Amino acid sequence: MDRLNTLLEHNRSFVENREYEQFKTDKFPGKGLAVLACMDARLVELLPKAMGLKNGDAKLIKNAGALITHPWGSVMRSLIVAVYELRAEEICVVAHRDCGMRAIDPAKILANAQERGITEDTIGTLRAAGIDLDNWLKGFDNVSDSVRHTVQTIRSHPLMPKDIPVHGLVIHPSTGRLEVIVSGYAEEPAAE
Ligand SMILES: [Zn+2]
């Protein structure tokens, strides 16, 4: 059976057996948290368990590297919506050791794309249109620096209220151990 049908078969029995009942909650995060984490498959269950989060506890936003590539992109928008509409009161950025986005090579990704049928013409057209593919695909060299930078991007966003603590953490992808890189409580917003 293909992947989709395997998934759908599981889903039918999940719903029929009312296995969803244990997950009942509402849309507001019970612990008042919004979490931006990496999409790494090792963190699917480990991250919430290691952080003591169950269904309904947090708004969880995931992408490659727990990065914000643009202040007006969908990650930042999700955080803004989480704060103003969904009662998130603190934000955690959670990157991890051994991340696939560390030292990723944009040239290699583009070479792979060409092997999969994306033509050099297409790539040339994108570049000519002003899309900086290398910058867009690049990850980070140092996970702690990356977390600090992401925390700073959130804190300094013009629409982010100054009283929202933004924490920067690094999780170990096998033990779940969390390391604090930036505590959102450490620096009170400067008096104006
Ligand atoms: Zn990762």
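For clarity, every value in this text was computed on a predicted model and none was experimentally measured.

A. Structural context of the overall build of the protein. Each helix and strand counted, the protein has seven helices and five strands in total. Helices (α) and strands (β) of the protein occur, in sequence order from the N terminus, as α-β-α-β-α-β-α-α-α-α-β-β. Counting only residues that meet the buried cut, the protein has 35% of its 192 residues in that class. Once local pairs closer than 6 in sequence are excluded, the contacts in the protein between residues at least 24 apart make up 73%. Of the roughly 12,400 Å² of accessible surface on the protein, 53% is carried by carbon and sulfur atoms. Taking the average location of the 23 positive side-chain charges in the protein and that of its 26 negative ones, the two points are 3 Å from each other.

B. The coordination of the zinc ion, seen in detail. Bound to the zinc ion on the protein side are Cys-38 (SG), His-96 (NE2) and Cys-99 (SG), at distances that span 2.0 to 2.3 Å. Mapping the donors of the zinc ion onto the primary sequence yields the spacing C-x57-H-x2-C. No difference in accessibility class separates His-96 from Cys-99, as the two residues are buried.

C. Geometry of the sheet that holds strand 2 (residues 58-63). Across the sheet, five strands lie side by side as 2-1-3-4-5; this open sheet has mixed pairing. Edge positions in the open sheet fall to strand 2 and strand 5 (178-182), since each of these has one partner strand only. For this sheet the average axis-to-axis angle between neighbouring strands, irrespective of direction, equals 25 degrees. Sheet analysis places strand 1 (residues 33-38) next to strand 2, joined by six bridges and oriented parallel. The partner of Leu-33 across the bridge, within strand 2, is Ala-58. Strands strand 1, strand 3 (90-96), strand 4 (166-171) and strand 5 of the sheet are contacted by helix 7 (residues 143-155), whose axis makes an angle of about 160 degrees with strand 4.

D. Region of interest: the nonpolar core. Core analysis: the largest hydrophobic core is formed by 41 residues, its most contacted members being Val-35, Met-51, Leu-79, Ile-91, Val-94, Ile-154 and Met-160. Where this core is concerned, the elements lending two or more residues are strand 1, helix 2 (43-50), helix 3 (74-85), strand 3, helix 7, strand 4 and strand 5. In contact with Leu-79, not counting residues within four places along its chain, are Ala-34, Ile-61, Ile-68, Ile-91, Ile-154 and Met-160.

E. Fine view of the pattern of salt bridges. Following the criterion strictly, the structure yields nine salt bridges and no others. Between Arg-18 and Glu-21 there is a salt bridge whose closest N-O contact spans 2.8 Å. The partly exposed category is assigned to Glu-21, whose relative accessible area is 37%. The salt bridge partner of Asp-57 is Lys-54, with a shortest N-O separation of 3.4 Å. Here Lys-54 falls in the exposed class, since its relative accessible area comes to 61%. Overlapping salt bridges, with partners in common, bring together Lys-31, Lys-54 and Asp-57 in one network.

Definitions and limits used
- All residue numbers here refer to positions counted from 1 along the written sequence of the relevant chain.
- The predicted nature of this model means local features are confined to residues of pLDDT at least 70 and side-chain atom pairs, given and counted, to a pLDDT of 80 or more, with totals for whole chains, interfaces and linings taken over all residues.
- Side-chain numbers come from the whole structure's heavy atoms, not from hydrogens or water.
- Where helices and strands are cited, they refer to DSSP runs of H or I of at least four residues and of E of at least two residues respectively, numbered from the N terminus.
- Note on classification: 1.4 Å probe, protein chains only; a residue is buried when its accessible area is under 20% of the maximum for its type, exposed when over 50%, partly exposed between these limits.
- Contact between two residues is taken to exist if any of their heavy atoms lie within 4.5 Å; hydrogens are not considered.
- Every accessible area reported is derived by Shrake-Rupley at a probe size of 1.4 Å, with residue values counting cover from the shown protein chains alone.
- A positive count includes Lys and Arg, and a negative count includes Asp and Glu. His and the chain ends are not counted in either.
- Charge positions come from single atoms, namely NZ of Lys, CZ of Arg, CG of Asp or CD of Glu.
- Listed donor atoms are N, O and S within 2.8 Å of the metal (Na, K and Ca: 3.2 Å). As water is not included, a site may look incomplete.
- Two strands pair if DSSP finds at least two bridges between them.
- Orientation is described by axes fitted as lines to C-alpha atoms, over the contacting stretch for helices, and by angles from 0 to 180 degrees between their N-to-C directions.
- We define a nonpolar core as any set of buried Ala, Val, Leu, Ile, Met, Phe, Trp, Tyr and Cys residues linked to one another through side-chain atoms lying within 4.5 Å.
- Each reported salt bridge corresponds to a side-chain nitrogen of Lys or Arg within 4 Å of a carboxyl oxygen of Asp or Glu.

No statement about biological role is implied by the geometric values presented.
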